[in-house]
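Observations on chain architecture
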Amino acid sequence: MDRLTADVIIVTRDRYKKLIRTVQGIVSGKLLPRQLIIIDSSDNKNLSTIYKIRSFTDKHRVQLQYSHIPNKGIAYSRNIGIRKVISKGLAQLDVKL
């Protein structure tokens, strides 16, 4: 499988089913990101969702960084994600906030 020279940032809040589908779509593509960064500002951390996502990323050898942060708005969440980028490029996705 080919790799992008970019990381993918996903910003989400209380959209666990959509987040799982989004990650499945990313890891089933022809080009995989070097790293998947998920910034979750949900009220509660959903561990079962995190475990499912981890199983997808591990299977496809995509590095995962998951951060559960307080809800301070989408711009704040994106900036947290951008600080975690290690590749030369990045792509951003929002799972319907």
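Now for a look at the structure at hand. Given the structure is predicted, the values throughout are model-derived calculations rather than measurements. (Residues numbered from 1 in each chain as written. Predicted model: local features only at pLDDT ≥ 70, side-chain atom pairs only at ≥ 80, totals over all residues. Heavy atoms only, no water.)

Side note on the pairing of strand E2 (residues 6-12)
Formally: Exposed residues in this analysis have more than 50% of their type's maximum accessible area, buried residues have under 20%, and partly exposed residues fall in between, with area computed by a 1.4 Å probe over protein chains only. Numbering of helices and strands starts at the N terminus; helices are DSSP runs of H or I of at least 4 residues and strands are runs of E of at least 2. A pair of strands is considered paired only if DSSP assigns at least 2 bridges between the two.
With seven of seven residues buried, E2 lies mostly within the body of the structure. Of the two faces of E2, the one lined by Ala6, Val8, Ile10 and Thr12 and the one lined by Asp7, Ile9 and Val11 are each fully buried. Where E2 lies against strand E6 (residues 89-95), seven bridges are found, and the strand directions are parallel. Within E6, the position partnered with isoleucine 10 by the bridge is leucine 93.

Overview of the nonpolar core
Quick reminder of the rule: Put simply, buried Ala, Val, Leu, Ile, Met, Phe, Trp, Tyr and Cys residues joined by side-chain atoms within 4.5 Å make one nonpolar core. Only heavy atoms enter the contact rule, under which two residues are in contact if any of them lie within 4.5 Å.
Judged by nonpolar contacts, the single largest core of 15 residues is most densely connected at Ile10, Leu19, Val23, Val27, Leu36, Ile38 and Ile53. At the level of secondary structure, the elements contributing two or more residues to this core comprise E2, helix H1 (16-27), strand E4 (35-40) and helix H2 (47-59). Per-element accounting of this core gives the leading share, five residues, to H1. In this structure, isoleucine 10 is in contact with Leu19, Thr22, Val23, Ile26, Leu36, Ile37, Ile38, Ile39, Leu93 and Val95, ignoring residues within four places of it in sequence. Among the nonpolar cores identified, the runner-up in size contains seven residues, and Val11, Ile37, Ile39 and Val85 belong to it.

Here we look at unusual backbone geometry
Despite not being glycine, aspartate 14 has its phi angle at roughly 55°, a positive value. Relative to the helices and strands, aspartate 14 is located in the loop between E2 and H1. Its identity as a non-glycine residue notwithstanding, arginine 61 has a phi of 55°, on the positive side. Exposure remark for arginine 61: the relative accessible area of 72% places this residue in the exposed category.

Some remarks on the pattern of salt bridges
This is how it is decided: What makes a salt bridge here is a side-chain nitrogen of Lys or Arg within 4 Å of a carboxyl oxygen of Asp or Glu, nothing more.
Counted under the stated rule, the structure contains two salt bridges. Here arginine 13 makes a salt bridge to aspartate 14, at a shortest N to O gap of 4.0 Å. A salt bridge links arginine 13 to aspartate 43, with the shortest nitrogen-to-oxygen separation between them at 3.1 Å. In this pair, arginine 13 is assigned in the loop between E2 and H1 and aspartate 43 in the loop between E4 and H2, connecting sequence segments 30 residues apart.

What to know about H2
One full turn of an α-helix is made of 3.6 residues, so residues set three or four places apart face in the same direction. Put simply, the test is: A helix's residues, less one, multiplied by 1.5 Å, set its expected span. Arc, as used here, means the arc of the directions from the helix axis to the C-beta atoms.
With 13 residues, H2 extends 18 Å from end C-alpha to end C-alpha; this agrees with the ideal 18 Å at 1.5 Å per step. Looking only at H2, the buried set comprises Thr49, Ile50, Ile53, Phe56 and Thr57. Considered in projection along H2, the buried side chains sweep an arc of 125° and stay on one side of the axis. Pointing more than 90 degrees away from the buried face of H2 are the exposed residues Tyr51 and Lys59. On its buried side, H2 packs onto H1, E4 and strand E5 (63-68). Positioned one or two residues after H2, arginine 61 has a phi angle of 55°, which is positive.

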